[in-house]
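Coordinate analysis (summary)
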Amino acid sequence: MRCLFDKATGKRWLNVWSGQFGIVLALFATCTVLALLCPQFLGMANLTNVVRQVSINGILAVGVTFVLLTGGVDLSLGSVVALTGVAAAHLAHPGDFPLAIPVMAGLLAGAACGGVNGLVVTRGSVPPFIATLGMMTVARGLALVLSNGRPVSNMSPAMTRIAGDCAHVPIPTLILAAVALGAWWMLRNTRQGRYLYAVGGNGQAARAAGINVRGVKFLAYMLCGALAGLAGVVLAARITTGQPNAGTAYELDAIAAVVIGGTSLSGGVGGVGGTLLGVLLMGVIGNGLDLLNVSSYYQLIIKGIIIVGAVWFDRRHQTAGKEHGR
Amino acid sequence: MRKRIVVALAVLCGCGRQERPEARDARPVIGVSLLNMANEFIVTIQEAMKERADELGVRLILNDAQRSPERQVQQIETFIAQKVDAIVLNPCEVEASSPAVQKALAAGIPIVNVNSETRVSPTAFVGSRDEESARIGMDYLARRLNGTGGVLMMEGYMGQAAQIKRSAGARDVLKKQPGLQLLASQSAEWDRAKAVTLMENWLQSYGKNVRAVFAQNDEMAMGALLAIERAGRKDDIVVVGVDAIRDALQAVRDGRLAATVFQDGRGQGRGAIETALHLIRKEPFTGETFIPFQLVTQENVAKFMP
């Protein structure tokens, strides 16, 4: 058993590095093209915008990395973002409560949604796709009920400060950095973190090795939900309202970023470093297309092609590397 | 076990209480299928309908099509099977919601379209001309800039009737104003968060050339405004939106948003129920009721505040 576990770990390292090579190349190429086409792209103000704009997708992507590593998926992210944003906004009117209350409410609401996902998946043996699809509609419905279908506005300055800057660095970016660092450390250095890979790589073997597979999966969904709650709070601060229809299709952007970053949809392979690169690539593309004033119709086409192209290139590189190794 | 019995009893009693008065109910019934109850403006129309229906003694069956024309057609089929007295349709789509209108007409049930149109003409229409809203907003913007300067336009979800018509109306005005230069026109999909991001990027690419932003709805106008304020450009860029949602009215009153265009959702909702009732009673009715848009600026905002 010990031997099997080590082998999986070794393979993981190989894949992580080759995966990151492809994505680094794609990111570098995109940035070079954009820098050549529009002089503003490399300006400090614009780069600050890019890291600000990717932070919400980044927080979500880090969360869903945990879930994808276990071989699951979470489709409820966008709705949970809306629900937690509305919940936080309700508690963030000026003079109501100290800032910690709305922030904690968002985080806890997110963790609760994630926890329910985790329970339904592990205890109810419902496929993650269906379990989280259910949560996607339930959370959206709750957001609409809680807000009466209307944006919740009149937010305290303390709350909107979350989307502001701290010494010229956007606070959302700092939050993403802290989240990513924490996740990276957890995946590398904690037992739970290593178990996530083991469960996703080979659930049977992990169970035979005495790992509490259900517990590990539950933890992944709950962490993912809590981070979606955090993203919901940041989004609400950024747009100074809790929007019941915010966050539509955010889960797809987050999952795309994670997969671009080299995490396998079937679990066991990947990591936070790649996820951040995937998030950056998607952010840079969106920013660049706006700067170049590419028509909205073509933006959709170009984004789709780059997403699929990046993953295609990456996988080709990986298989080539493996064959070479043999 | 005991718990289960209690629950079952509660359910039974609950149902009984609901059904009994309905069986004897002689009020006329109107089936309503709405585009999307997650949209603030549609919620306003819906609330006005409920209010007017209560006043007139009409029973409403309210359905949410959740943006799906296919679901909307199904809802109309259900209304026909339920033998409602009239139908009010808030169409999802010009072409794809047309079969819903056809089916109602074929079944001999009068149908009123509210807020937007379908290709097939219904019995009556109550709504506003979307081109007009953009024309009013863009005209105001031109006046504020004295006819010269760089303008950005944020469009709605591409391909929707409102986006197409508001773009057409805005471009009509731009054609007559050669001094106004349209720097860029992009979709932010009616969404506030997307509008913040788009505006941040635009401020990078067009910098000091930007003098005004016309957003095709208030959600996007509020997003653009946030990005402009955070960039410290509030005093030299004029932002105008459409719809007069609560947040936007507040922003107009506070002098942050230059103007919005009021679309009378309440008037549309009430008008639709009134027209439907005329049809049920076979009274004379107006085939097409157009509720006018109104410009809202700091001077007159008070009368639009809830």
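Residues numbered from 1 in each chain as written. Chains lettered and ligands numbered in written order. Predicted model: local features only at pLDDT ≥ 70, side-chain atom pairs only at ≥ 80, totals over all residues. Heavy atoms only, no water.

Here we come to the domain arrangement of chain B. Interfaces are often sized by the amount of accessible area the parts lose when they come together. All names here are of chain B. By domain assignment, chain B separates into domain 1 (26-128 + 265-291) and domain 2 (130-262). Taking the mean C-alpha position of each, domain 1 and domain 2 sit 31 Å from one another. In this complex, domain 1 contributes five residues to the contact, which on the side of domain 2 involves seven residues. Interface area for domain 1 against domain 2, summed over the two sides, is near 520 Å², with a carbon-plus-sulfur share of 38%. Among the residues of domain 1 in contact with domain 2, Glu40, Phe41 and Arg67 are the three that bury the most area, contributing 55% of the side total. At the junction of domain 1 with domain 2, the criterion picks out one salt bridge. Its salt-bridge partner being Lys165, residue Glu117 comes within 3.3 Å of it at the nearest N-O pair. (Domains from an automatic or database assignment. Contact = heavy atoms within 4.5 Å. Buried area = accessible area lost by both parts, 1.4 Å probe. Salt bridge = Lys/Arg side-chain N within 4 Å of Asp/Glu carboxyl O.)

This part covers the state of the cysteines. All names here are of chain A. If you walk through the whole model with that rule in mind, you get zero disulfides over all chains. Here Cys113 is not disulfide-linked; the sulfur of Cys224 is the nearest cysteine sulfur, at 11 Å. We classify Cys113 as buried; its relative accessible area is 7%. (Disulfide = S-S within 2.5 Å. Buried < 20%, exposed > 50% of the residue type's maximum accessible area, 1.4 Å probe, protein only.)

This brings us to the interface of chain B and chain A. Listed as interface residues are 29 residues of chain B and, on the opposing side, 32 residues of chain A. Across the interface of chain B and chain A, roughly 2500 Å² is buried in total on both sides, 41% from carbon and sulfur atoms. Three residues, Gln186(B), Asn201(B) and Gln204(B), lead the burial of chain B against chain A; their summed loss comes to 23% of the area buried on that side. Taken together, the links from chain B to chain A amount to four salt bridges. Glu200(B) is paired through a salt bridge with Arg238(A); the nearest N and O atoms lie 3.0 Å apart. For the pair chain B and chain A, the interface holds 20 residue pairs in polar contact (both at pLDDT 80 or more). (Polar contact = N/O pair within 3.5 Å; in protein donor to acceptor, adjacent residues only side chain to side chain.)

What follows covers the side chain of Asn115(B). All names here are of chain B. With respect to the element layout, Asn115 can be found in strand β4 (residues 111-115). A polar contact of 3.2 Å, which involves the side chain of Asn115, links it to the side chain of Gln263. Setting aside residues up to four positions removed in sequence, Asn115 forms contacts with Phe41, Ile45, Asn90, Phe125, Val126, Gly127, Ser128, Gln263 and Gln268. (Helix = DSSP H or I, 4+ residues; strand = E, 2+ residues; numbered from the N terminus.)

Residues and elements named next belong to chain B. Along strand β6 (residues 149-155), seven of the seven residues are buried, which leaves the element largely enclosed by surrounding structure. Pairing of β6 with strand β7 (residues 180-187), which is carried by seven bridges, proceeds in the parallel orientation. Along β7, the bridge assignment pairs Val151 with Leu182. Traced from β6 through helix α6 (residues 161-176) to β7, the parallel crossover comes out right-handed. Judged from the five bridges that link them, β6 and strand β8 (residues 210-215) form a sheet pairing that is parallel. Bridge pairing in β8 places Leu152 opposite Val213. (Pairing = 2+ DSSP bridges. Right-handed = clockwise from strand over helix to strand, strands pointing away.)

What follows concerns the pattern of salt bridges. Between side chains of opposite charge, a pair can form when the charged atoms approach closely. Residue and element names in this part refer to chain B. Counted under the stated rule, the structure contains 22 salt bridges over all chains. The partner of Arg166 in a salt bridge is Asp243, and the shortest N-O contact between them spans 3.4 Å. With a gap of 77 residues between them, Arg166 in helix α6 and Asp243 in the loop between β9 (238-240) and α9 (246-253) connect regions that are remote in the sequence. No difference in accessibility class separates Arg166 from Asp243, as the two residues are buried. What emerges from the salt-bridge pattern is a single network uniting Glu51, Arg52, Glu55, Arg266, Arg270 and Glu274.

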